[in-house]
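Residues per chain are reported as follows:
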Amino acid sequence: MAKNITFTMIKPDAMADQNAGAIIKMIQEAGFKIKAMKLTKLSNERAGEFYAVHRERPFYGELCEYMSSGPIIAMILEKENAVTDFRTLIGATNPQEAAEGTIRKLFAKSIEANAMHGADSDENAIVEGNFFFSSLEKF
Ligand code: CMP
């Protein structure tokens, strides 16, 4: 399995706060190449499919509501050790626990409105990338 691809979304809070440009700049300065990028808006149902792994969690309903509340930017990124390095760049899920200088520390509001999603494994990066992009859109 390739270790050089990850999948990310800029979430509705960061989009609404006009932080997408600053976030993309940080991603590129950290050495990630943008392989695919899409501005879109998830329906509640599509958000539910994307986060199906969390279906049993108490926050699932709110997470789906939130992720379908406004536009997002989905991206496939390339770099050596992309998944691990990207999770370091974005910081902990809960911004209160995120390290200084990370994207979530700088831009996230709460554990739900936490500015960015980052795939948690090489396998999920592929699955999640395929959720948003056809093979023709990945170059
Ligand atoms: P993300 O990396 O997109 O993966 C799953 C998301 O669920 C996570 O970021 C958070 O936004 C959200 N999440 C995780 N734990 C909680 C929680 N305890 N309460 C609300 N949302 C959560």
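Residues numbered from 1 in each chain as written. Predicted model: local features only at pLDDT ≥ 70, side-chain atom pairs only at ≥ 80, totals over all residues. Heavy atoms only, no water.

1. Focus: the overall build of the protein
Here is step 1: Across its full length, the protein holds 7 helices and 4 strands.
Here is step 2: Along the protein, helices and strands appear, N-terminal first, in the series β-α-α-β-α-α-β-α-α-β-α.
Here is step 3: Relative to the compact-globule value of 14 Å for 139 residues, the protein shows a C-alpha radius of gyration of 14 Å, a close match.
Here is step 4: In terms of principal-axis extent, the alpha carbons of the protein reach across some 35 × 35 × 25 Å.
Here is step 5: A burial count over the protein gives 47% of its 139 residues as buried.
Here is step 6: Counting contacts in the protein only where the partners sit at least 6 residues apart, residues at least 24 apart contribute 77% of the total.
Here is step 7: Both charge centroids of the protein, one from 16 positive and one from 19 negative side chains, sit 4 Å from each other. (Helix = DSSP H or I, 4+ residues; strand = E, 2+ residues; numbered from the N terminus. Rg over C-alpha atoms; globule rule 2.2 N^0.38 Å. Buried < 20%, exposed > 50% of the residue type's maximum accessible area, 1.4 Å probe, protein only. Contact = heavy atoms within 4.5 Å. Lys, Arg positive; Asp, Glu negative; His and termini not counted. Charge placed at Lys NZ, Arg CZ, Asp CG, Glu CD.)

2. A few points about the pairing of strand β3 (residues 72–78)
Here is step 1: Within β3, 6 of the 7 residues are buried, which leaves the element mostly enclosed by the surrounding structure.
Here is step 2: As judged from the 6 bridges shared by strand β1 (residues 5–10) and β3, these two strands associate in the antiparallel manner. Within the sheet, the bridge partner assigned to Phe 7 lies in β3 and is Ile 76.
Here is step 3: Pairing of strand β2 (residues 33–40) with β3, which is carried by 7 bridges, proceeds in the antiparallel orientation. The partner of Leu 39 across the bridge, within β3, is Ile 73. (Pairing = 2+ DSSP bridges.)

3. A short note on the sheet that holds β3
Here is step 1: Pairing within the open sheet is antiparallel, and its 4 strands lie in the order β2-β3-β1-β4. Two strands close off the open sheet at either side, each with one partner strand: β2 and β4 (116–118). With strand direction ignored, the average angle separating the axes of adjacent strands in the sheet is 15°.
Here is step 2: Sitting on the sheet, helix α7 (residues 122–132) is in contact with β1, β2, β3 and β4, with an inclination near 55° to β1. (Axes fitted to C-alpha atoms, helices over the stretch in contact; angles between N-to-C directions.)

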